[in-house]
Amino acid sequence: MRVGVLTGGGDCPGLNAVIRGIVRKGVQEYAYDFIGFRDGWRGPLEGDTVQLDIPAVRGILPRGGTILGSSRTNPLKAENGIRRIKENLAKYEVEALIAIGGEDTLGVAARLTDEYGINVVGVPKTIDNDLSATDYTFGFDTAVGIATEAIDRLHTTAESHMRVLVVEVMGRHAGWIALHSGLAGGANVILIPEQRFDVDQVCAWVTSRFKASYAPIVVVAEGAMPQDGEMVLKDGTLDSFGHVRLSGVGEWLSKEIEKRTGKEARTTVLGHVQRGGTPSAFDRWLATRFGLHAIDAVRDGDFGKMVALQGTDIVRVPIADATAKLKTVDPTLYKEVSVFFG
Ligand code: F6P
(Lines give C-alpha, C1' and ligand atoms only; values in the text may rest on other atoms or scores of the structure.)
Protein backbone atom coordinates (compact mmCIF):
# COMPACT_ATOMS: atom_id res chain seq x y z
CA MET A 1 0.00 0.00 0.00
CA ARG A 2 1.24 3.52 -0.75
CA VAL A 3 0.43 6.34 1.66
CA GLY A 4 0.70 10.06 0.90
CA VAL A 5 1.67 12.57 3.59
CA LEU A 6 1.24 16.36 3.58
CA THR A 7 1.69 19.24 6.03
CA GLY A 8 -0.57 22.29 5.57
CA GLY A 9 -1.15 25.72 7.11
CA GLY A 10 1.27 27.66 9.31
CA ASP A 11 4.29 25.52 10.16
CA CYS A 12 4.83 24.39 13.71
CA PRO A 13 7.59 22.67 15.73
CA GLY A 14 7.01 18.89 15.73
CA LEU A 15 5.82 18.42 12.13
CA ASN A 16 8.98 16.50 11.24
CA ALA A 17 8.59 14.29 14.32
CA VAL A 18 5.09 13.28 13.12
CA ILE A 19 6.39 12.50 9.61
CA ARG A 20 9.22 10.41 11.09
CA GLY A 21 6.79 8.46 13.34
CA ILE A 22 4.48 7.71 10.40
CA VAL A 23 7.24 6.56 8.05
CA ARG A 24 9.26 4.57 10.61
CA LYS A 25 6.28 2.55 11.80
CA GLY A 26 4.66 2.31 8.37
CA VAL A 27 7.79 0.87 6.76
CA GLN A 28 9.01 -1.28 9.66
CA GLU A 29 5.70 -2.76 10.86
CA TYR A 30 3.40 -2.67 7.83
CA ALA A 31 5.81 -2.64 4.85
CA TYR A 32 3.99 0.40 3.37
CA ASP A 33 5.69 2.81 1.09
CA PHE A 34 5.23 6.56 1.18
CA ILE A 35 5.14 9.60 -0.99
CA GLY A 36 5.42 13.15 0.31
CA PHE A 37 3.22 15.89 -1.17
CA ARG A 38 4.85 19.31 -1.15
CA ASP A 39 3.36 22.44 0.41
CA GLY A 40 0.11 21.22 1.92
CA TRP A 41 -2.84 20.78 -0.43
CA ARG A 42 -0.83 22.31 -3.29
CA GLY A 43 1.06 18.98 -3.55
CA PRO A 44 -1.84 16.67 -4.41
CA LEU A 45 -3.51 19.47 -6.38
CA GLU A 46 -0.54 19.97 -8.70
CA GLY A 47 1.04 16.54 -8.39
CA ASP A 48 4.16 17.95 -6.70
CA THR A 49 5.79 15.10 -4.80
CA VAL A 50 8.94 14.33 -2.85
CA GLN A 51 10.58 11.01 -1.93
CA LEU A 52 9.61 9.87 1.56
CA ASP A 53 11.40 6.83 2.93
CA ILE A 54 13.51 5.89 5.96
CA PRO A 55 16.65 7.77 4.79
CA ALA A 56 14.50 10.87 4.16
CA VAL A 57 13.34 10.94 7.79
CA ARG A 58 16.75 10.30 9.39
CA GLY A 59 17.86 13.08 11.73
CA ILE A 60 14.66 15.15 11.43
CA LEU A 61 13.19 14.54 14.93
CA PRO A 62 14.63 17.72 16.50
CA ARG A 63 14.33 19.88 13.38
CA GLY A 64 11.76 22.67 13.27
CA GLY A 65 9.69 23.41 10.17
CA THR A 66 8.65 20.63 7.81
CA ILE A 67 10.68 18.67 5.27
CA LEU A 68 7.54 18.59 3.09
CA GLY A 69 7.02 22.36 2.99
CA SER A 70 3.71 24.00 3.82
CA SER A 71 1.21 26.44 2.35
CA ARG A 72 -2.30 27.74 2.92
CA THR A 73 -3.55 26.52 -0.48
CA ASN A 74 -7.27 25.79 -0.40
CA PRO A 75 -8.01 23.11 -3.04
CA LEU A 76 -11.77 23.61 -2.64
CA LYS A 77 -11.30 27.06 -4.18
CA ALA A 78 -9.13 25.84 -7.05
CA GLU A 79 -10.65 25.12 -10.46
CA ASN A 80 -11.56 21.42 -10.64
CA GLY A 81 -9.68 21.03 -7.34
CA ILE A 82 -11.29 17.75 -6.26
CA ARG A 83 -10.96 16.14 -9.68
CA ARG A 84 -7.28 17.13 -9.92
CA ILE A 85 -6.53 15.72 -6.45
CA LYS A 86 -8.27 12.44 -7.31
CA GLU A 87 -6.36 12.19 -10.59
CA ASN A 88 -3.01 12.82 -8.92
CA LEU A 89 -3.69 10.31 -6.15
CA ALA A 90 -4.55 7.72 -8.82
CA LYS A 91 -1.48 8.65 -10.89
CA TYR A 92 0.85 8.07 -7.93
CA GLU A 93 -1.17 5.02 -6.77
CA VAL A 94 -1.81 6.59 -3.38
CA GLU A 95 -4.50 4.69 -1.49
CA ALA A 96 -4.53 6.77 1.70
CA LEU A 97 -3.50 10.26 2.66
CA ILE A 98 -2.36 11.58 6.05
CA ALA A 99 -3.01 15.32 6.37
CA ILE A 100 -1.18 17.09 9.20
CA GLY A 101 -2.68 20.50 9.82
CA GLY A 102 -4.86 22.91 11.73
CA GLU A 103 -8.49 23.94 11.32
CA ASP A 104 -8.19 24.86 7.62
CA THR A 105 -6.16 21.87 6.41
CA LEU A 106 -8.30 19.48 8.45
CA GLY A 107 -11.50 21.24 7.35
CA VAL A 108 -10.56 20.34 3.76
CA ALA A 109 -9.59 16.79 4.89
CA ALA A 110 -13.03 16.29 6.48
CA ARG A 111 -14.82 17.33 3.29
CA LEU A 112 -12.58 15.23 1.04
CA THR A 113 -13.40 12.14 3.10
CA ASP A 114 -17.03 12.76 3.97
CA GLU A 115 -18.21 14.22 0.65
CA TYR A 116 -15.77 12.87 -1.93
CA GLY A 117 -14.75 9.48 -0.54
CA ILE A 118 -11.00 10.13 -0.40
CA ASN A 119 -9.22 8.08 2.30
CA VAL A 120 -7.83 10.68 4.68
CA VAL A 121 -6.54 10.47 8.26
CA GLY A 122 -5.90 13.76 10.09
CA VAL A 123 -3.23 14.83 12.58
CA PRO A 124 -3.90 18.02 14.59
CA LYS A 125 -1.21 20.70 14.44
CA THR A 126 -1.11 24.31 15.57
CA ILE A 127 0.87 26.40 18.00
CA ASP A 128 -2.47 28.08 18.87
CA ASN A 129 -3.87 24.93 20.59
CA ASP A 130 -7.34 25.92 19.41
CA LEU A 131 -8.55 22.63 17.90
CA SER A 132 -11.44 20.90 19.61
CA ALA A 133 -11.44 17.20 20.51
CA THR A 134 -7.78 17.14 21.51
CA ASP A 135 -6.43 18.34 24.86
CA TYR A 136 -3.27 19.67 23.22
CA THR A 137 -1.85 20.12 19.75
CA PHE A 138 1.91 19.74 19.26
CA GLY A 139 3.80 23.00 18.74
CA PHE A 140 1.89 24.74 21.52
CA ASP A 141 4.28 23.68 24.28
CA THR A 142 7.27 24.93 22.28
CA ALA A 143 5.59 28.27 21.53
CA VAL A 144 4.68 28.74 25.20
CA GLY A 145 8.28 27.95 26.19
CA ILE A 146 9.67 30.53 23.77
CA ALA A 147 7.18 33.20 24.90
CA THR A 148 7.87 32.45 28.58
CA GLU A 149 11.61 32.80 28.09
CA ALA A 150 11.03 36.13 26.34
CA ILE A 151 8.85 37.37 29.22
CA ASP A 152 11.50 36.30 31.77
CA ARG A 153 14.07 38.35 29.88
CA LEU A 154 11.79 41.35 29.50
CA HIS A 155 11.23 41.52 33.28
CA THR A 156 14.84 42.48 33.95
CA THR A 157 15.10 45.14 31.27
CA ALA A 158 11.67 46.57 32.22
CA GLU A 159 12.77 46.84 35.86
CA SER A 160 16.14 48.44 35.01
CA HIS A 161 14.33 51.27 33.22
CA MET A 162 11.07 51.18 35.17
CA ARG A 163 9.14 50.93 31.92
CA VAL A 164 6.05 49.05 30.81
CA LEU A 165 6.86 46.14 28.50
CA VAL A 166 4.02 45.00 26.25
CA VAL A 167 4.60 41.55 24.72
CA GLU A 168 2.45 40.61 21.72
CA VAL A 169 2.12 36.86 21.18
CA MET A 170 0.32 34.83 18.50
CA GLY A 171 -3.31 33.80 18.86
CA ARG A 172 -5.83 35.00 16.35
CA HIS A 173 -9.02 33.77 17.98
CA ALA A 174 -7.74 31.90 21.04
CA GLY A 175 -5.62 33.21 23.89
CA TRP A 176 -3.96 29.94 24.93
CA ILE A 177 -0.38 31.07 24.25
CA ALA A 178 -0.97 34.40 26.03
CA LEU A 179 -2.60 32.71 29.01
CA HIS A 180 -0.03 29.95 29.52
CA SER A 181 3.08 32.05 28.87
CA GLY A 182 1.67 35.02 30.78
CA LEU A 183 1.02 32.88 33.84
CA ALA A 184 4.33 31.02 33.57
CA GLY A 185 6.24 34.28 33.03
CA GLY A 186 4.54 36.19 35.84
CA ALA A 187 2.88 38.83 33.64
CA ASN A 188 0.85 41.53 35.39
CA VAL A 189 -1.78 41.75 32.67
CA ILE A 190 -2.87 39.10 30.15
CA LEU A 191 -5.23 40.06 27.32
CA ILE A 192 -6.90 37.43 25.14
CA PRO A 193 -9.18 37.50 22.08
CA GLU A 194 -12.02 35.80 23.97
CA GLN A 195 -12.60 38.80 26.29
CA ARG A 196 -12.61 42.41 25.16
CA PHE A 197 -10.40 44.53 27.40
CA ASP A 198 -10.91 47.90 29.04
CA VAL A 199 -7.88 50.14 28.44
CA ASP A 200 -8.56 52.10 31.64
CA GLN A 201 -8.50 48.88 33.64
CA VAL A 202 -5.21 47.88 31.98
CA CYS A 203 -3.77 51.29 32.93
CA ALA A 204 -5.01 50.86 36.52
CA TRP A 205 -3.18 47.50 36.74
CA VAL A 206 -0.05 49.08 35.25
CA THR A 207 -0.15 51.93 37.77
CA SER A 208 -0.66 49.63 40.74
CA ARG A 209 2.31 47.53 39.65
CA PHE A 210 4.53 50.64 39.56
CA LYS A 211 3.29 51.54 43.06
CA ALA A 212 4.67 48.22 44.27
CA SER A 213 8.04 49.32 42.77
CA TYR A 214 7.99 46.77 39.99
CA ALA A 215 7.80 47.32 36.24
CA PRO A 216 4.69 45.83 34.61
CA ILE A 217 4.67 43.21 31.87
CA VAL A 218 1.52 43.16 29.70
CA VAL A 219 1.03 40.05 27.54
CA VAL A 220 -1.43 40.59 24.71
CA ALA A 221 -2.61 38.05 22.12
CA GLU A 222 -2.54 39.41 18.56
CA GLY A 223 -6.32 38.96 18.27
CA ALA A 224 -7.22 40.76 21.53
CA MET A 225 -9.58 43.71 21.14
CA PRO A 226 -10.40 46.75 23.24
CA GLN A 227 -14.01 47.09 24.44
CA ASP A 228 -14.91 49.76 21.96
CA GLY A 229 -12.58 49.14 19.05
CA GLU A 230 -11.78 46.92 16.13
CA MET A 231 -9.15 44.26 15.61
CA VAL A 232 -5.78 45.79 14.74
CA LEU A 233 -4.71 44.60 11.29
CA LYS A 234 -1.25 44.53 9.79
CA ASP A 235 -2.66 45.17 6.34
CA GLY A 236 -5.87 44.37 4.51
CA THR A 237 -4.66 41.12 2.91
CA LEU A 238 -6.44 37.78 3.28
CA ASP A 239 -4.99 34.29 2.91
CA SER A 240 -6.78 31.73 0.74
CA PHE A 241 -8.88 30.59 3.70
CA GLY A 242 -10.04 34.19 4.16
CA HIS A 243 -8.02 35.04 7.32
CA VAL A 244 -6.79 38.58 7.86
CA ARG A 245 -3.17 39.21 8.85
CA LEU A 246 -2.95 40.50 12.40
CA SER A 247 -0.25 42.30 14.42
CA GLY A 248 -0.39 45.78 15.79
CA VAL A 249 -2.43 45.60 18.98
CA GLY A 250 0.78 45.59 21.09
CA GLU A 251 2.10 48.79 19.54
CA TRP A 252 -1.30 50.44 19.79
CA LEU A 253 -1.65 49.47 23.46
CA SER A 254 1.82 50.78 24.38
CA LYS A 255 0.91 54.18 22.97
CA GLU A 256 -2.39 54.23 24.87
CA ILE A 257 -0.65 53.26 28.13
CA GLU A 258 1.96 56.02 27.68
CA LYS A 259 -0.75 58.57 26.90
CA ARG A 260 -2.97 57.64 29.82
CA THR A 261 -0.40 56.85 32.57
CA GLY A 262 2.53 59.07 31.60
CA LYS A 263 4.82 56.03 31.96
CA GLU A 264 7.26 55.01 29.26
CA ALA A 265 6.23 51.83 27.38
CA ARG A 266 7.89 49.55 24.82
CA THR A 267 6.51 46.73 22.69
CA THR A 268 8.04 43.39 21.74
CA VAL A 269 6.23 41.43 19.01
CA LEU A 270 7.35 37.80 19.19
CA GLY A 271 5.82 36.83 15.84
CA HIS A 272 7.19 33.82 13.98
CA VAL A 273 9.97 33.22 16.52
CA GLN A 274 7.21 31.31 18.33
CA ARG A 275 6.87 28.91 15.39
CA GLY A 276 10.49 28.38 14.46
CA GLY A 277 13.27 26.13 15.69
CA THR A 278 13.51 22.89 17.56
CA PRO A 279 10.42 21.38 19.27
CA SER A 280 10.33 20.90 23.04
CA ALA A 281 10.64 17.38 24.46
CA PHE A 282 6.87 17.30 25.11
CA ASP A 283 6.10 18.28 21.51
CA ARG A 284 8.49 15.63 20.17
CA TRP A 285 6.77 13.03 22.36
CA LEU A 286 3.26 14.10 21.37
CA ALA A 287 4.03 14.53 17.67
CA THR A 288 5.75 11.14 17.49
CA ARG A 289 2.82 9.40 19.18
CA PHE A 290 0.38 11.15 16.82
CA GLY A 291 2.41 9.84 13.88
CA LEU A 292 2.44 6.26 15.20
CA HIS A 293 -1.32 6.31 15.80
CA ALA A 294 -2.09 7.95 12.45
CA ILE A 295 -0.44 5.11 10.53
CA ASP A 296 -2.36 2.62 12.71
CA ALA A 297 -5.59 4.34 11.67
CA VAL A 298 -4.57 3.93 8.02
CA ARG A 299 -3.85 0.23 8.59
CA ASP A 300 -7.31 -0.17 10.21
CA GLY A 301 -8.97 1.65 7.29
CA ASP A 302 -10.36 4.11 9.84
CA PHE A 303 -10.64 7.09 7.47
CA GLY A 304 -12.24 10.44 8.22
CA LYS A 305 -10.67 10.25 11.68
CA MET A 306 -8.15 12.45 13.41
CA VAL A 307 -5.78 11.31 16.15
CA ALA A 308 -6.22 13.29 19.37
CA LEU A 309 -4.78 13.50 22.87
CA GLN A 310 -7.33 12.91 25.61
CA GLY A 311 -5.73 12.74 29.04
CA THR A 312 -2.67 10.64 28.35
CA ASP A 313 -4.32 8.50 25.68
CA ILE A 314 -4.20 8.94 21.93
CA VAL A 315 -7.70 8.35 20.57
CA ARG A 316 -9.45 8.71 17.20
CA VAL A 317 -12.23 11.24 16.65
CA PRO A 318 -14.12 12.27 13.49
CA ILE A 319 -12.08 15.00 11.77
CA ALA A 320 -15.25 17.07 11.55
CA ASP A 321 -15.53 17.10 15.38
CA ALA A 322 -12.15 18.81 15.65
CA THR A 323 -12.89 21.51 13.12
CA ALA A 324 -16.57 22.25 13.80
CA LYS A 325 -15.85 24.62 16.67
CA LEU A 326 -12.72 26.45 17.80
CA LYS A 327 -11.46 25.58 21.30
CA THR A 328 -11.20 28.91 23.10
CA VAL A 329 -10.25 29.94 26.64
CA ASP A 330 -13.08 29.45 29.10
CA PRO A 331 -14.01 32.62 31.08
CA THR A 332 -13.62 30.69 34.38
CA LEU A 333 -10.04 29.79 33.56
CA TYR A 334 -9.26 33.39 32.59
CA LYS A 335 -10.75 34.58 35.86
CA GLU A 336 -8.65 32.07 37.81
CA VAL A 337 -5.47 33.54 36.29
CA SER A 338 -6.58 37.15 36.82
CA VAL A 339 -5.69 36.98 40.53
CA PHE A 340 -2.17 37.97 39.39
CA PHE A 341 -3.24 41.04 37.43
CA GLY A 342 -2.07 44.41 38.66
O1 F6P B 1 -2.31 29.51 13.12
C2 F6P B 1 -1.01 29.66 13.52
C3 F6P B 1 -0.56 31.09 13.41
O4 F6P B 1 0.77 31.12 13.82
C5 F6P B 1 -1.42 32.12 14.13
O6 F6P B 1 -1.17 32.19 15.51
C7 F6P B 1 -1.07 33.38 13.38
O8 F6P B 1 -2.11 34.33 13.47
C9 F6P B 1 -0.92 32.91 12.00
O10 F6P B 1 -0.59 31.54 12.06
C11 F6P B 1 0.12 33.65 11.18
O12 F6P B 1 0.16 33.10 9.92
P13 F6P B 1 1.20 33.39 8.74
O14 F6P B 1 1.96 32.13 8.55
O15 F6P B 1 0.33 33.67 7.56
O16 F6P B 1 2.06 34.53 9.14
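Rules and cut-offs
- Residues numbered from 1 in each chain as written.
- Predicted model: local features only at pLDDT ≥ 70, side-chain atom pairs only at ≥ 80, totals over all residues.
- Heavy atoms only, no water.
- Core = buried A, V, L, I, M, F, W, Y, C linked by side-chain atoms within 4.5 Å.
- Buried < 20%, exposed > 50% of the residue type's maximum accessible area, 1.4 Å probe, protein only.
- Domains from an automatic or database assignment.
- Axes fitted to C-alpha atoms, helices over the stretch in contact; angles between N-to-C directions.
- Helix = DSSP H or I, 4+ residues; strand = E, 2+ residues; numbered from the N terminus.
- Parallel < 35°, antiparallel > 145°, perpendicular 65-115°, else oblique.
- Left-handed = near helix turned anticlockwise from the far one by under 90°.
- Contact = heavy atoms within 4.5 Å.
- Nonpolar A, V, L, I, M, F, W, Y, C, P; charged D, E, K, R; others polar.
- Pairing = 2+ DSSP bridges.

(A) Representation of the nonpolar core in the model. Counting 79 residues, the largest nonpolar core has Ile98, Ile100, Phe138 and Leu191 as its most contacted members. The residue makeup of this core includes at least three contributed by each of domain 1 (2-138 + 279-322) and domain 2 (141-275).

(B) A look at the packing of helix H1 (residues 15-30) against helix H10 (residues 281-299). Following both chains from N to C, one finds H1 and H10 inclined at 40°, their axes separated by 7 Å at the closest point. Of the possible angle classes, the one that applies to H1 and H10 is oblique. The way H1 lies across H10 gives a crossing that is right-handed. Each of Ala17, Val18, Arg20, Gly21, Ile22, Lys25, Gly26 and Tyr30 in H1 lies in contact with H10, whose residues at this interface are Arg284, Ala287, Thr288, Gly291, Leu292, Ile295, Asp296 and Arg299. Looking at side-chain class alone, the contact of H1 with H10 contains 7 nonpolar, 4 polar and 5 charged residues.

(C) Focus on the packing of helix H6 (residues 140-161) against helix H7 (residues 176-184). At a minimum axis separation of 8 Å, H6 and H7 run at an interaxial angle of 45°. The angle between the axes of H6 and H7 places the two elements in the oblique class. In the packing of H6 onto H7, the handedness of the crossing is right-handed. Seen from H6, the contacting residues are Phe140, Ala143, Val144, Ala147, Thr148 and Ile151; seen from H7, they are Trp176, Ile177, His180, Ser181, Gly182 and Ala184. A class-by-class count of the residues in the contact of H6 with H7 yields 8 nonpolar, 4 polar and no charged.

(D) Quick peek at the sheet that holds strand S6 (residues 164-169). With parallel pairing, the 4 strands of this open sheet are ordered in space as S7-S8-S6-S11. Each having just a single partner strand, strand S7 (189-191) and strand S11 (265-269) make up the two edges of the open sheet. Neighbour to neighbour, the strand axes of the sheet diverge by 15° on average, direction disregarded. Across 3 bridges, S7 lies against strand S8 (residues 217-221) in parallel orientation. The partner of isoleucine 190 across the bridge, within S8, is valine 219. Contacting S6, S7 and S8, H7 runs over the sheet at an angle of about 170° to S7. Along the sheet face, helix H8 (residues 199-211) touches S6, S7 and S8 and points at about 160° away from the line of S7.

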